[in-house]
Each structure stands twice: as structure tokens, then as C-alpha cells.
Amino acid sequence: MSVLIEKSGLNRRQFLKGAGLLTATVVISGLLAKFGIKAFARSTAYIGQRAAGVYSLDEAMTIRRSHQNPEVLQLYQEFLSPGEVKPLSERAHHLLHTRYGSDIPALIADLKIHALHAA
Amino acid sequence: MPVASNAKIIEISAECKACDHCSAICPTGAISGVLGQQHTIDAAHCVNCGQCLINCPFQAIHDLSRLDAVQAALADPRRYVVVQAAPAVRVALGEEFGLPPGANVKGQMFAALRSLKFDQIYDTEFAADLTILEEGTELIERILHSRGPLPQFTSCCPAWIKYAEDRYPRLLPHISTAKSPQQMFGAVAKTYAAQKLQVDPAQMVVVSIMPCTAKKYECARPEMIASGYQDVDIVLTTRELATLIKQSGIDFLGLPDQAADKLIGSSTGAATIFGVTGGVMEAALRTAYEVLSGEQLEKVEFRSVRGLAPVREAIVEIPVKALGKKVPVKVCIVTGLKYVDPVVLDVLAGRSPYHFIEVMNCPGGCINGGGQPIRRDF
């Protein structure tokens, strides 16, 4: 192979050394990852810092309970359960609840019928 | 405008160095490829969480960008573009502008959204409070009136929902039927808010800013049309919002603090903590305790449900006025989908001691979601 004998190229020994090092790096880092030794793992300190940020925002809020959110109460009073605050009302059920897995085609059919009636 | 629900949200590009780190990270075993070979994602098992993306040492994994769609909507004068931003965004967005993790940029975030010319700037936290009222009432109904099986699982995390649907169809009756805050917001925006604002919901575009890539999948689910339209049209990640702000030449750090718009923009501290593991549980406990006992909590913090351990449990004694006795409510929190199987198997075997179980796909909760700023600090 000409690449190995040209003066400007690599000799056989250098080529094998380079290829060997490359292979070893890939295999070793991969094995470390496989066995849970985190060669590429980042520091996870940022997760705790972001969590602390969330908790200090909570502490800074004047209202800290969901059932005291004035606009949520207004949404029930005016729209979801007119005249009262009643979670799970019929309208709340239609807009705010869903179904899962094999129940979804029937839900879609219900929603389309509802949309026709509303139109 | 809608993305087909089978669209691939997360993809591995040709920049893949085949290091195999992503397949160790993936919570569902959806990534295949051996060491030294370009890896691929099996869309059927992928829950779109983006943990592979934020952990890839070579940044070779990308999520489906929706920036063009948002820019087109903002540029179209016929469109009325409403935006919501999730709790976890405001403690991480600053990192894209050189601030440390956890820095509070809530005020600048709302100001930036206003500079970007969204027609109304609202808050997903409003819908998180709404979620607590619906999901908390559902839980009380299950516990006190046996309406539905126990334990009840949370339903806010779209990666968890897809995983449960794929792997555990028998578990589905245990999952709260309450939609996630993102989807509740969309359904309320295109009905109640559209009426109040006198806007044609057909012309309204609901955009979400989310710490999450799975929310892109969730908004395109075919049943998310309760308003008569696709409830949430476009999801941008925290990273995409940062790109949008930078492209628009906005001096983010120089912005004054602003608040969300009124109507469906108010929030509480209970909604803010949705962004961290255990937060939905704590918010639900604050409300359940006060509603069931008729008493005001002296301290709203439930520290027993906090922490970053993947599986945590706690017992909270609630004096239930209607029963005239204390009821011990047993709760469990799972953060990291890799840890959920034993908890689920106990439930299916009928030996789970819990009433309420919170599951979030990402370790630490939404603050560490697949749409958040990528950190490479070691």
C-alpha cells in the first residue's frame, strides 16, 4: 500500500500505533459507559441549583395554594361551573380531562360530536 | 401547522460518534446500535424525553425545531398568538445568557415574550393550579367515595403517559384523567379566553414554552382537540426561546421585570413547584389538606416529599372533617422512568401501599427536561 511507503506518509509502525490507540479509546470509553462508569457523565450539580431556584420562587409568591388562585376561581364561577367553584363539572370534564390507550378513538369520536353540536 | 402525532421528535444525526452513551441514558431502551456504529432511535419505544439529547457528549442528537412555525405565526397579522410558559423555564433560561443555574428570570422572560410581539402573554402556572383542583378533587373522590382505583398516578408528564400506554395497558385506569397543565391551558385559551377576548378561536395560535421535548409530541396527540381545534398548536423548548430572543436582538439581561397578562396568567407558589420532582405532590397536598380538614396550614411546605432521590415515599396525616378522624395518606414520588417498573408492578399485583404516586420521566423533574439548556460542566 502506497500510503505506508511514501516518505511524507505514515510508516507501517506509526499507522498501526495510531489505529491501535484510536480503537483502544473507543472500546475503553464504551466499556466504561456500558458498566455504568460515567466516562462522559456531566456534573449534576445544576439540577439541585435549578431546584433551589424553584423553591425560592415559591417562597416569594404571595399566594402559595392552588385553590386560592383568583383567576382559577373566576374561571369556575364564570365558565366551567357557572355560579360556583365545582371541579369535575361537566364542562371541566369535557375540556380538562382525557382518556388513554385504547379508549382514545372513542374519545375523539365524542369530541367531534360535541364540536358539531357546538357549531 | 400541526405536526403529525407519529412525527419523530428526537433524532440522532450523522455527527453520532457511536460512543454508546445515549443507550445507557435512554430510560426505555429505545436506542439501538453497538459501540462504533451510528445509533438509531426506535420511535415506537421512544418517549420523546430528550434525555439522550441533553446528555450526548458530541451534541449529535436534535429535536424537531418549531421556530419557523412560531415566526410565521407572529408575522401573520390574521393570527392571534397566545403564549404560555412552564414553571421550569424561568429558572433555566438565564443560563443561555450567562447566568448560573437556578437564576430567576421570570420577569425578563415575560418581558422578552412581550418584546417578541405575542398578543397575550400567559402562564402555564395558571393551568397548573387548575390541574391541582381537578386532579386533587379526583383523588379525593377515589379515596373517600371509591370512584376509581387506587393508587392514583399523576398525568402531567407526557413521556410517562406514553410509556404507561406502551408497556402497562392494565395500569391506565390508575392514571388521573386530568390533562397536563399545557393541554388544560390550550383548551381553556381557545374557549373561555377566546370568548373573553372576542377572538375567533380558529385564528388563535397557542404557543407553549416548555422545558420538555415530549410536550411537542403531547400537543399533537389526535385527541387534544377539546376546544374544537388543536388545543396547543406549537411547542418551543427553553433552548428555542433563547434562540428566538437572540435572533431578535433583544438585550435579555437588560430587560425590566414584567408580569404575565391577566385572565389566565395568575399563578401561585404551588404551581411554581410543578417544575421540580415532588412538586405536583406537594401542591396537591397543600390543597387536599386544607380542603379536607377545613383548616389553614400553618406552614405550606411538605418537606418530606422533597429531594432528588429517584424513589421517595411519605405518609401525611390529614384530619378529614367529614369523617371526624385522621386519615394517613401514603404517597410515593418517582423521578427517572428507569425506576418506575417496580412501583408499577406492585400496583398491578395489588400490593401497593400508596394512595397517590407522582411520576416524572426526567431525573429531578422538569427542571432537568430534554428542552432545557445543555450543560457540559464536569
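This one's a predicted model, so the numbers in the text were calculated from it and none came from an experiment.

A.B. asks: Give me the lowdown on the overall build of chain B, citing residues and values where you can.
C.D. replies: Looking only at helices and strands, one finds 12 helices and 12 strands in chain B. By the compact-globule yardstick of 21 Å for 378 residues, chain B fits well, its C-alpha radius of gyration being 20 Å. On the principal axes, the C-alpha backbone points of chain B span a range of 60 × 55 × 40 Å. A buried classification covers 57% of the 378 residues belonging to chain B. Looking at chain B alone, contacts between residues at least 24 apart form 75% of all its contacts between residues at least 6 apart.

A.B. asks: So what about the interface of chain A and chain B? Which residues, and what values?
C.D. replies: Across the contact, 52 residues belong to chain A and 69 residues belong to chain B. Elements with a contribution of two residues or more to the side of chain A that touches chain B: helix H2 (12-34), helix H3 (45-60), helix H4 (70-80), helix H5 (90-96) and helix H6 (104-118) of chain A.

A.B. asks: Kindly report on the domain arrangement of chain B, identifying the contributing residues and their values.
C.D. replies: Residues and elements named next belong to chain B. For chain B, the domain assignment lists domain 1 (10-63) and domain 2 (149-176 + 277-365). Opposite the 7 residues of domain 1 that make contact, domain 2 presents 9 residues. Residues of the side of domain 1 that touches domain 2, tallied by class, amount to 3 nonpolar, 4 polar and no charged.

A.B. asks: So, the sheet that holds strand E11 (residues 325-335) of chain B: which residues are in play, and what are the values?
C.D. replies: Reading across from one edge, E7-E12-E11-E10 (chain B) is the order of the 4 strands in this open sheet, with mixed pairing throughout. The open sheet is flanked by strand E7 (152-153) and strand E10 (311-320) of chain B, the only strands paired with a single partner.

A.B. asks: Lay out unusual backbone geometry in plain terms, naming residues and giving numbers.
C.D. replies: All names here are of chain B. Along the chain, Leu-150 connects to Pro-151 via a cis peptide bond; the corresponding omega equals -5 degrees. Residue placement: Pro-151 occurs in the loop between helix H5 (124-145) and E7. Here the phi dihedral of Gln-198 falls at roughly 55 degrees; this positive angle occurs in a residue that is not glycine. Assignment of secondary structure puts Gln-198 in the loop between helix H7 (181-197) and strand E8 (204-210). One non-glycine residue with positive phi stands out, namely Leu-263, at about 105 degrees. For Leu-263, the location among the structural elements is in the loop between helix H9 (238-247) and helix H10 (269-272). Residue Leu-263 is classed as partly exposed on the basis of its C-beta count, with 18 C-beta atoms lying within 10 Å.

Cut-offs and rules
- Residues numbered from 1 in each chain as written.
- Chains lettered and ligands numbered in written order.
- Predicted model: local features only at pLDDT ≥ 70, side-chain atom pairs only at ≥ 80, totals over all residues.
- Helix = DSSP H or I, 4+ residues; strand = E, 2+ residues; numbered from the N terminus.
- Rg over C-alpha atoms; globule rule 2.2 N^0.38 Å.
- Buried ≥ 20, exposed ≤ 12 C-beta atoms within 10 Å, placed from the backbone.
- Contact = placed C-beta atoms within 7 Å.
- Domains from an automatic or database assignment.
- Nonpolar A, V, L, I, M, F, W, Y, C, P; charged D, E, K, R; others polar.
- Pairing = 2+ DSSP bridges.

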